[in-house]
Structure formats: structure tokens, C-alpha cells
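So you can see what is in the structure, the chains are spelled out below.
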Amino acid sequence: MVILIFIAVLWYSGLFFQTFFLHRYAAHQTYKMSRFGEKLCYVLTWITQGSNYLSAYGYGVMHRMHHAYADTEKDPHSPKYDHNLFTMMWRTKSIYQQINQQKVKIEEKFTKNVPQWESFDKFASSWGSRIAWAIAYTAFFYFFATAWWQWILLPVAYMMAPIHGVIINWFGHIYGYVNFKVSDTSKNLFHFDWLMMGEGYHNNHHKHGGRANFGGVRWHEIDVTYYIMILLDKMKLIQLKPVAKVTREI
């Protein structure tokens with residue numbers, strides 16, 4: 001039971017900072033926050049993602065490119081141009097690293113106002129940091145695993161962020177339903193997104209990329225992350241931008 005709780009905590013805490021900070025803030029800037037709040041989110045992203053840490057700059061730039069080039073040859077991750085989900089994950093990793101290490105020239109529209117903390121990213125993305133987190137996860141399993149099958153979940157802890165990514169970027173372009181006609185294959189994976197905290201409403205998001213609420217188009221589309229953001233806004237920790245009401249087209 002302890003191991004299952006541990007995996008659930010890693011899953012949802014890492015996912016929250018991926019969707020709240022990396023996605024809705026770094027890539028789309030659906031809200032504002034103080035400089036201290038931004039730095040704190042970097043640190044909390046590192047703590048919650050651990051060996052899977054993703055840079056706000058690398059993620060933000062790559063995600064903007066995904067929206068601009070969705071399902072074309074320039075898309076950093078598209079099922080249309082990869083033979084399987086593993087080749088897509090590898091190509092995504094390579095493009096992310098090139099962007100984050102600034103080894104490729106990127107158009108200004110993709111980098112404008114994307115937060116960047118180079119010194120912290122260098123530390124959090126280092127092999128030393130990633131290996132230290134992996135050792136910590138392994139030690140936790142050593143002390144708390146009570147059955148052999150629980151060790152199968154250890155690679156999930158090591159690769160949590162890539163798993164989150166492939167659920168949306170692979171399956172979210174193949175399975176599900178649509179509310180809007182868009183120029184790509186994005187779909188809403190779940191009627192109620194209990195697994196991905198709102199990220200699963202991918203078709204909604206591709207139609208209205210700058211909207212903080214990924215759900216809310218149909219009555220059952222509850223975006224948990226957005227409601228947490230409303231609470232943070234009321235606590236004056238962030239400043240949400242106005243969210244327009246939208247209706248489905250299909």
C-alpha cells in the first residue's frame with residue numbers, strides 16, 4: 001500500500017507542476033505570478049518530478065512549436081510522423097534537449113517571455129541530480145516494497161514525466177472524442193479527466209490554446225487543475241487571466 005501511495009503522490013504532484021507551471025504558465029502564460037512564485041515553482045517542479053525534471057524553457061518553447069506545427073513534419077511529437085510511441089518519445093527528448101541547451105536557432109515567437117533560470121536548469125537537469133533521485137526512489141522501494149510485483153512500478157517512478165507526455169501526445173491524438181474541428185488530430189481522451197488533471201481535454205486545448213480552463217465545454221469536463229488555479233487566484237498567489245466561455249462546434 002505504501003508503494004502505491006508513493007507512486008500516486010509522484011504521479012499527481014509531478015503532473016500538477018507540469019500542467020500548472022510548465023504548460024499553463026511557461027508555454028501559454030494563462031496567469032501571472034511574482035518572481036518569487038516563479039522561482040518557487042522551479043524548485044517544486046524539481047522536487048516533484050525528480051529524475052524526470054523538465055525545464056520550463058525547454059518545455060515551453062517545444063510546446064509552442066507543437067501548437068504551431070501540430071501533426072506536420074515540424075511537430076516535435078506527432079503519431080503521424082513516428083512509427084510507434086517509443087520513437088516519438090526519443091525524438092521528443094532529442095528536440096527538447098536541443099532547445100533547452102540552445103543548440104538550435106528558434107524563432108522569437110516561440111521564445112518570447114518564456115521563463116528561464118539557466119543555472120537552476122543546469123543543476124536540476126544534470127546527471128548527478130537525476131541519478132540521486134533515482135537512487136532515492138530505489139531506496140524507498142527497498143525499504144517499503146512488500147511484494148515482488150511492486151518493483152514493476154519502479155521504472156514508472158524513473159520515467160514519470162515521459163509517461164505523462166506520451167499519454168497526451170500519442171494517445172491524445174489517436175483516441176477520444178472531439179468538441180471542435182481543428183487542423184490536427186487532437187482529441188479529448190476522457191469525459192472526466194481523473195488521470196491527467198485536465199491535460200486529457202486535448203482537443204479543447206488545441207482549439208483554445210490560451211484558455212486557462214482546458215475543460216468546461218461539456219458539463220462533465222471538469223478541469224481539476226483549473227479549479228486549483230481559481231483557489232490560488234483568490235489567495236492572491238497568482239493572477240488568472242479572464243477565461244472566455246466557449247461552446248462546442250460538433
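Calculation criteria
- Residues numbered from 1 in each chain as written.
- Predicted model: local features only at pLDDT ≥ 70, side-chain atom pairs only at ≥ 80, totals over all residues.
- Heavy atoms only, no water.
- Core = buried A, V, L, I, M, F, W, Y, C linked by side-chain atoms within 4.5 Å.
- Buried < 20%, exposed > 50% of the residue type's maximum accessible area, 1.4 Å probe, protein only.
- Helix = DSSP H or I, 4+ residues; strand = E, 2+ residues; numbered from the N terminus.
- Contact = heavy atoms within 4.5 Å.
- UniProt positions renumbered as here; feature names shortened; annotations may be inferred.
- Lys, Arg positive; Asp, Glu negative; His and termini not counted.
- Salt bridge = Lys/Arg side-chain N within 4 Å of Asp/Glu carboxyl O.

Core analysis: the largest hydrophobic core is formed by 52 residues, its most contacted members being Phe20, Phe21 and Met196. Per-element tally for this core: the top contributor is helix α1 (residues 2-27), with 13 residues. Those residues in contact with Met196 that lie beyond four places of it in its chain are Trp11, Leu15, His164, Ile167, Ile168 and Phe190.

Right, let's get into the UniProt feature "transmembrane region" (unreviewed entry) in the protein. Those residues carrying the UniProt feature "transmembrane region" (unreviewed entry) are residues 6-26, 131-151 and 157-178 in this numbering. Secondary structure within residues 6-26 divides into 100% helix and 0% strand; the distance between the first and last C-alpha atoms comes to 27 Å. With 55% helix and 0% strand, residues 157-178 has its two end C-alpha atoms placed 31 Å apart.

This next bit is on the UniProt feature "domain: Fatty acid desaturase" (unreviewed entry) in the protein. Sequence positions flagged by UniProt for "domain: Fatty acid desaturase" (unreviewed entry) are, in local numbering, residues 6-222. With 53% helix and 1% strand, the stretch residues 6-222 has end C-alpha atoms that lie 25 Å from each other.

With respect to the helices and strands, Arg130 occurs in helix α7 (residues 127-144). The buried charged residue Arg130 lacks any salt bridge partner; its closest oppositely charged side chain belongs to Asp121, at an N-O distance of 8.3 Å. Among all residues touching Arg130, those that are not within four sequence positions of it are Ser51, Asn52, Tyr53, Ala124 and Ser125.

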